[in-house]
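Coordinates in review
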Amino acid sequence: MNEYTIICVDDEREILDAVQYDLEPLASHFDLEAAESVDEAESVIDQMQSENRSLALVLCDHIMPGRLGVDFLIQLNQELETKKARKLLLTGQADLEATIEAVNQAGLHYFLAKPWDSGALLKVVIDQLTTFVIENVEEPLSFVKVLDGARIFNSIHENEI
Amino acid sequence: MGLEYLIQSMKTKFESFNEKIMNKLFFAFAVPIVLAAIPRELIPIVNMTVIEHRMLAIFVMAVLFWVLEPIPIFATSVMVVALQLVTISNRGMIWLRDNGNESEFGELLDYKDLLQTFASPIIMLFLGGFFLAIAATKYRLDVNLARVFLRPFGSNPQRVMLGLMLITAVFSMFMSNTATTALMLAVLAPVLKLFRPDDPGRIAFVLCIPFAANIGGIGTPIGTPPNAVAMKYLTGEISIGFGEWMVFGVPFSLLLLFFAWRLLLWFSPPQEDKIGLLIQGSFLKSRQAIIVYFIFGSTILLWLTEHIHGMSSHVVAMLPVTVFVATRIVTSKDLKKISWDVLWLISGGIALGLGLEKTGLSKHMIESVPLDRFPPILIILIATFLAIMMSTFISNTATANLLLPLVAALGSSLSSLEALGGDKLLILLVAFSCSLAMGLPISTPPNAMAYATDMIGTKELLKSGCIVGGIGLLLLYLMAYILRQIGFV
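Residue indices begin from 1 for each chain and proceed along its sequence in written order. Whichever chain is written first becomes A and whichever ligand is written first becomes 1, with later ones labelled in order. Reporting of local features is limited, given that this is a predicted model, to residues whose pLDDT is at least 70; pairs of side-chain atoms are given and counted only at 80 or more, and all residues count toward the totals for whole chains, interfaces and linings. Side-chain numbers come from the whole structure's heavy atoms, not from hydrogens or water.

Looking at the overall build of chain B
Of regular secondary structure, chain B possesses 24 helices and zero strands. Every radius of gyration here is taken over C-alpha atoms, with the globule rule written as 2.2 Å times N^0.38, N being the number of residues. Taken against the 2.2 N^0.38 rule, which gives 23 Å for 489 residues, the C-alpha radius of gyration of chain B at 24 Å falls within 12% of a compact globule. With the principal axes as the frame, chain B shows a C-alpha extent of 75 × 75 × 50 Å. Relative accessibility decides the category of a residue: with a 1.4 Å probe and only protein chains considered, values under 20% of the type maximum give buried, values over 50% give exposed, and everything between is partly exposed. Considering chain B as a whole, with its 489 residues, one finds that 55% of them fall into the buried category. Here the analysis covers contacts within chain B between residues at least 6 apart in sequence; of these, 77% occur between residues at least 24 apart. Just so you have it, chain B exposes about 21700 Å², and 67% of that area is on carbon and sulfur atoms. Taking the 33 positively charged and 29 negatively charged side chains of chain B as two groups, their mean positions are separated by 12 Å. A helix here means a DSSP run of H or I that spans at least four residues, while a strand means a run of E at least two residues long, and both kinds are numbered starting from the N terminus. We call two residues in contact whenever any of their non-hydrogen atoms come within 4.5 Å of each other. The accessible surface values rely on the Shrake-Rupley method and a 1.4 Å probe; as for residues, cover is taken only from the protein chains in view. For the purpose of counting charges, residues Lys and Arg are taken to be positive, whereas Asp and Glu are taken to be negative. His and the chain ends are not included. Working definition for charges: the position is that of NZ of Lys, CZ of Arg, CG of Asp or CD of Glu.

Here it is as structure tokens:
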């Protein structure tokens, strides 16, 4: 069990499986959780917080039965514990209005369009997680192996005098 | 279910986390407390006073805390000062001040002397170094210098590696070894990705940076904290100036660097015949950047020319501090980047040394061991060997904090050492030895960073690190011989 978690929210099981497969190289340092709806994602986050683990990144679809992805991201952006998490939309159906809302109110960090290229997805996630680690983790050194080592070393250089 | 689960999970987490640390804490506190409780007569140190007895308990506690690390090492330093203030200073607890039997009680330390260790001249010298580093990083002087200096080394991997090592070593003489290693590994990281995974050259390149940083730190008094601790004992007749230190420190560093370079290439020769190390950027030309370049150069120049202008290195260190804050190059926000933990770690060591010396404990401890019977050369060998062994496993600075006060007392009280250079040489050798330990990931922060790249294993680090350290020790003895021959010590 790792201290930091990546959660993927999508109503299609195949998408969740594919994302989990693509992000497998990060599994040694981040827990990969999958949720088929916003409600399920919320209970995963509750459980996680009770175990003192933090959300590092959320990868979310927009149009889902029940609550919408962008609304969920806005909610995460308003809560203290999840505000720091990197927020990504992975969707094919978000219209302009929803996307604008996500950028302006949810603090969206990245927009990925479906279908995606698995190498590109991993690269984007690594980049976002590196930012998360640099901003929030006290001892980022152990993440050098799986994330962007050069950026982590640079941040150590700038902060460690 | 939620709350119950929360409590349960917190409990298990708390217990597993705490069990190990609690055991260490208990042990590290219990031993010195027992030691303080047993009658003085039972401790085999001659003429020990009450104050010395307390100091002994504090010293033993410092050893255990720095070795077991149940709390951060700089916190141990702070604790050492606090305990000394409470138990053996003239403003300590009133019930601990006097038992009415003056001759056996010993002399209390002045509380001002203990508190002044937080702002001793050595700390100010180090602070000056920090200011240079903060400004150089902020105005990208370090990256730009690396870019310019690396250019003449071309694209031949062997030469590029030598260039990287030289730059790393020179930077770490003025910046912290940790910051230098982080900078150079960041520069190197994109290149490492281009190496084929089976190319042994990757290992050589990853190792060359931390080794060069460890070795380069030896070059100046502010290169690494053990040097600063040593400077504290090199006062009065045996004092050494900034430039004087560099006269032997820099050649030693460069020579060992050369050996390390050849050794790494021999163990893991790079297969590629060309590597392109590109650092982007150009020198900033703003007014403030120019001030940074000018002050950086002037400070180093003034440090090297003490014999002309008479200002000691500690006084010169106030130049970058003053100019950089006055010109807003270092703002109040930047001030927060200063590694207070490093400064306090040194302060605690100085306070520990002060206590050991002023109470007379270090002298009595040395006298209680029949060292006269050993040939002085053996004492030098044991002291340097002990330093390198200890600092392989614990912090270099903690090693220096623990060993140097004893070594200083040893050098000044053992007359047979005089023929070999006395306390001056012994202090220098032990301080250098503290920086030569690089066999494990935990030996130094630079080693830990290289290890974090996952491109080297413990085995490779152990093999190269121990051999480089071994060669370093041999070079150190050679240096001692030469310094003795020319009459420096």
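That shown, we press on.
Brief notes about the overall build of chain A
Per the secondary structure count, chain A includes seven helices and five strands. When the elements of chain A are put in sequence order from the N terminus, they spell out β-α-β-α-β-α-α-β-α-β-α-α. Expected size for 161 residues packed as a compact globule is a radius of gyration near 15 Å; at 15 Å, chain A falls within 12% of this value. Taking the principal axes of the C-alpha coordinates as reference, chain A spans close to 50 × 35 × 30 Å. Sorting the 161 residues of chain A into buried and exposed places 53% on the buried side.

Let's talk about unusual backbone geometry
Trans is the common state for peptide bonds, and a negative phi is the common state for residues other than glycine. Here Lys 114 of chain A and Pro 115 of chain A are connected by a cis peptide whose omega angle stands at -5°. If you trace the backbone, Pro 115 of chain A turns up in the loop between β5 (110–113) and α6 (118–136). Phi at Asn 52 of chain A takes a positive value of approximately 65°, unusual for a residue other than glycine. Here Asn 52 of chain A is to be found in the loop between α2 (38–50) and β3 (54–60). For Asn 47 of chain B, which is not glycine, the phi dihedral falls at a positive 55°. Structurally, Asn 47 of chain B is set in the loop between α1 (2–37) and α2 (50–68). Given the relative accessible area of 63%, Asn 47 of chain B is considered exposed.

Some details on the domain arrangement of chain B
Domain segmentation is taken from an automatic or database assignment of domains. The assigned domain composition of chain B is domain 1 (20–116) and domain 2 (121–340). Between the C-alpha centres of domain 1 of chain B and domain 2 of chain B there is a distance of 38 Å.

Comments concerning α2 of chain A
All names here are of chain A. Helices are assigned an expected span. That span is 1.5 Å times one less than the residue count. Given a rise of 1.5 Å per residue, 13 residues ought to cover 18 Å, and the 18 Å separating the end C-alpha atoms of α2 matches this to within 8%. Within α2 the residues assigned to the buried category are Val 38, Ala 41, Val 44, Ile 45, Met 48 and Ser 50. Asn 52 occupies a position one or two residues after α2 and carries a positive phi of about 65°.

Overview of the side chain of Ser 313 of chain B
Relative to the helices and strands, Ser 313 of chain B resides in helix α15 (residues 313–316). Apart from residues lying up to four places away in sequence, Ser 313 of chain B is in contact with Leu 125, Phe 242, Trp 303 and Glu 306 of chain B.

A few points about the packing of aromatic side chains
Residue and element names in this part refer to chain B. Pairing of aromatic rings covers Phe, Tyr and the six-membered ring of Trp, with a centre-to-centre limit of 6.5 Å; geometry is then stacked below 30 degrees between planes, edge-to-face above 60, and tilted otherwise. The full count for this structure, using the stated rule, is 17 aromatic pairs over all chains. Members of the aromatic cluster, each reached through a chain of ring pairs, are Trp 245, Phe 248, Phe 252, Phe 432 and Phe 488. Comment: the charge-over-ring label is applied if NZ (Lys) or CZ (Arg) is within 6 Å of the ring centre and within 35 degrees of the ring normal. Of note, Lys 424 hangs over the ring of Phe 488, and the distance from its end group to the ring centre comes to 4.3 Å. Across from the ring centre of Phe 267, 4.2 Å away, lies the NZ or CZ of Lys 463, which sits over that ring.

Here we look at the packing of α2 of chain B against helix α19 (residues 361–368) of chain B
Residue and element names in this part refer to chain B. Each axis is a line fitted through C-alpha atoms, and for a helix only the stretch in contact is used; angles between axes span 0 to 180 degrees, taken between their N-to-C directions. Remark: α2 packs on α19, axes separated minimally by 10 Å, with the N-to-C direction vectors making an angle of 85°. Taken together, α2 and α19 sit at an angle that is classed as roughly perpendicular. For the pair formed by α2 and α19, the contact residues are Glu 52, Met 55, Leu 56 and Phe 59 on the first element and Leu 361, His 364 and Met 365 on the second. Each residue is assigned to one class: nonpolar for Ala, Val, Leu, Ile, Met, Phe, Trp, Tyr, Cys and Pro, charged for Asp, Glu, Lys and Arg, and polar for all the others, Gly among them. Grouping the amino acids of the contact of α2 with α19 by side-chain chemistry returns five nonpolar, one polar and one charged. Geometric relationships in this document are graded by angle, where less than 35 degrees denotes roughly parallel, more than 145 denotes roughly antiparallel, 65 to 115 denotes roughly perpendicular, and other angles denote oblique.

What about the pattern of salt bridges?
Residue and element names in this part refer to chain A. Here, a salt bridge means any Lys or Arg side-chain nitrogen found within 4 Å of an Asp or Glu carboxyl oxygen. On inspection of all chains with the given rule, the structure shows 15 salt bridges over all chains. For Asp 17, the salt bridge goes to Arg 13, with nearest N and O atoms at 3.6 Å. Of the two residues, Asp 17 and Arg 13 both sit in helix α1 (residues 13–22), four residues apart, roughly one turn of that helix. By relative accessible area, which is 39% here, Asp 17 ends up partly exposed. Here Glu 135 makes a salt bridge to Arg 86, at a shortest N to O gap of 3.8 Å. Here the residue Glu 135 occupies a position in helix α6, and Arg 86 occupies one in strand β4 (residues 86–91), the gap between them amounting to 49 residues.

So, the packing of helix α10 (residues 201–216) of chain B against helix α23 (residues 445–452) of chain B
Axis angle and axis distance: for two packed helices, these are the angle between their axes and the distance between the axes, and together they describe the pair. Residue and element names in this part refer to chain B. Taken N-terminus to C-terminus, the directions of α10 and α23 make an angle of 170°; their axes are 8 Å apart at the nearest point. The pairing of α10 with α23 is recorded here as roughly antiparallel in orientation. Along the contact surface, α10 presents Val 206, Pro 210, Phe 211, Ala 213 and Asn 214, while α23 presents Pro 446, Asn 447 and Ala 450. Class assignment for the residues of the contact of α10 with α23 results in six nonpolar, two polar and no charged.

Description of the sheet that holds strand β2 (residues 30–35) of chain A
Residues and elements named next belong to chain A. For two strands to count as paired, DSSP must find a minimum of two bridges between them. The five strands are arranged β2-β1-β3-β4-β5 in an open sheet whose pairing can be described as parallel. In this open sheet, the two edge strands, each paired with only one partner strand, are β2 and β5. Strand-to-strand twist in this sheet, taken as the mean axis angle between neighbours without regard to direction, amounts to 20°. Of the strand pairs in this sheet, β4 and β5 are connected by four bridges, and their pairing is parallel. The residue bridging Leu 90 from the neighbouring strand is Leu 112, located in β5. Seen against the sheet, α2 touches β1 (4–9), β2 and β3 and runs at an angle of roughly 170° to β1.

A closer look at the interface of chain A and chain B
Each partner contributes residues to the interface: chain A has 16 residues there, and chain B has 25 residues. With both chains or domains summed, chain A and chain B bury close to 1900 Å², and 66% of this area falls on carbon and sulfur atoms. Our count for the chain A to chain B interface comes out at zero salt bridges. Contacts described as polar in this section are N or O atom pairs within 3.5 Å, which, within protein, must combine one atom able to donate a hydrogen with one able to accept it, while residues neighboring in sequence count only if both atoms come from side chains. Scanning the region where chain A abuts chain B turns up one residue pair in polar contact (both at pLDDT 80 or more). Throughout, buried area stands for the accessible area (probe radius 1.4 Å) lost by two parts on being put together, summed over both.

Some thoughts on the pairing of β1 of chain A
All names here are of chain A. The element β1 is largely enclosed, with a buried count of six among its six residues. Burial along β1 is two-sided: the residues Tyr 4, Ile 6 and Cys 8 and Thr 5, Ile 7 and Val 9 are all buried. In terms of strand pairing, β1 meets β2 through six bridges, oriented parallel. Bridge pairing in β2 places Ile 6 opposite Leu 32.

Points about the nonpolar core
Where a protein is soluble and globular, its nonpolar side chains tend to be buried together. Counting 164 residues, the largest nonpolar core has Leu 26, Phe 30 and Leu 147 of chain A together with Trp 303 of chain B as the members making the most contacts within it. Among the buried residues, those of types Ala, Val, Leu, Ile, Met, Phe, Trp, Tyr and Cys that are joined through side-chain atoms within 4.5 Å form a nonpolar core. Counting residues in each nonpolar core, the second largest holds 31 residues, with Met 48, Ile 58, Met 365 and Ile 394 of chain B among its members.

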